[in-house]
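# Residue-level structure breakdown
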Amino acid sequence: MLSSLPLRIGYGEDAHRLAPGRPLILGGVPVPHAERGAVAHSDGDAVLHAVADALLSGLALGDIGQYFPDTDPQWAGLDSRDILRRVLDLIRERGYEPVNVALVVTLDRPKLGPLRAEITRSVAALLALPDSEVGVSFKTSEGLAPDHVQVRVTALLGRDG
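Computed from a prediction, not measured in an experiment: that's the story for all the values here.

Looking now at the pairing of strand β5 (residues 96–106). Sheet topology note: the β5/strand β7 (residues 148–159) ladder contains ten bridges and is antiparallel. Considered in β7, the bridge of Leu 103 is made with Val 153. In the sheet, β5 pairs with strand β6 (residues 134–139) via six bridges, with the strands oriented parallel. Its bridge partner lying in β6, Leu 103 is registered against Val 136.

As structure tokens, then:
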């Protein structure tokens, strides 16, 4: 029976169009010198959205759009850290904890390498994981999609206790 598996794997993905005059936040970290930020109903943190979706998918709980629909004004401007906290509550209610996450951010500019440690620490702290259990990679679209940010995440969930 699937519900008795001690380990579950989830996958999440998120993308947002970029526009001037918006902040760019990734993994709970404001990106300095970003000329454009995510166009979104919430704060547009594509990293935390993809992490939350990966956790939900690992337990077949749907996606964040079901819990925080962009058609509902109460979620306008929502801090994505709050989205992730609620998702963590949902998986913990079912007896699971995150064990490891690996994420890939695709963004042409600005270059994110200098923020790797800070994003890693932020995501790890939100998930109550050691930094060594949060893999963070950065890619560019090679000019194919310069007007967006996209994030892909895999997550390993383990049964608590």
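Okay, back to it.
Here we come to the environment of Leu 88. With respect to the helices and strands, Leu 88 occurs in helix α3 (residues 80–93). Since its relative accessible area comes to 3%, Leu 88 is described here as buried. Separated by ten residues in the primary sequence, Leu 88 and Pro 98 place their C-alpha atoms 8.4 Å from one another.

Here we come to the sheet that holds β7. Whenever strands of a sheet pair, they do so through backbone hydrogen bonds, lying parallel or antiparallel. Sheet architecture is open: five strands sit in the order β4-β1-β7-β5-β6, paired in mixed fashion. Across the chains shown, the open sheet's two edge strands, defined by having one partner strand only, are β4 (36–38) and β6. Along the sheet, successive strands turn relative to each other by an average axial angle of 25°, direction set aside. Helix α1 (residues 46–58) contacts β1 (7–20), β5 and β7 of the sheet and is inclined by roughly 155° relative to β1. Sheet contacts for α3: β5 and β7; angle to β5, the most-contacted strand, approximately 140°.

Below, the discussion takes up the packing of aromatic side chains. Going through the model one piece at a time under the given rule, you end up with one aromatic pair. Note on Phe 68 and Trp 75: the rings are 4.9 Å apart at their centroids and 75° apart in plane angle, and the pair reads as edge-to-face.

Cut-off values and rules
Throughout this description, residue numbers start from 1 for each chain and increase along the sequence as written. pLDDT decides what is reported in this predicted model: residues at 70 or higher carry local features, side-chain atom pairs at 80 or more are listed and counted, and totals for whole chains, interfaces and linings draw on all residues regardless. Where side-chain values are given, they derive from all heavy atoms of the structure, hydrogens and water being excluded. When DSSP locates at least two bridges between a pair of strands, those strands are taken to pair. Numbering of helices and strands starts at the N terminus; helices are DSSP runs of H or I of at least 4 residues and strands are runs of E of at least 2. Note on classification: 1.4 Å probe, protein chains only; a residue is buried when its accessible area is under 20% of the maximum for its type, exposed when over 50%, partly exposed between these limits. Structural elements are reduced to axes, namely lines fitted to C-alpha atoms, with helices fitted over the stretch in contact, and the angle between N-to-C directions of any two is expressed from 0 to 180 degrees. The contact criterion used is simple: two residues touch if any of their non-hydrogen atoms lie within 4.5 Å. Geometry of aromatic contacts follows a simple scheme: Phe, Tyr and Trp rings, the Trp one being its six-membered ring, pair when their centres are within 6.5 Å, and the pair is stacked under 30 degrees between planes, edge-to-face over 60, tilted otherwise.

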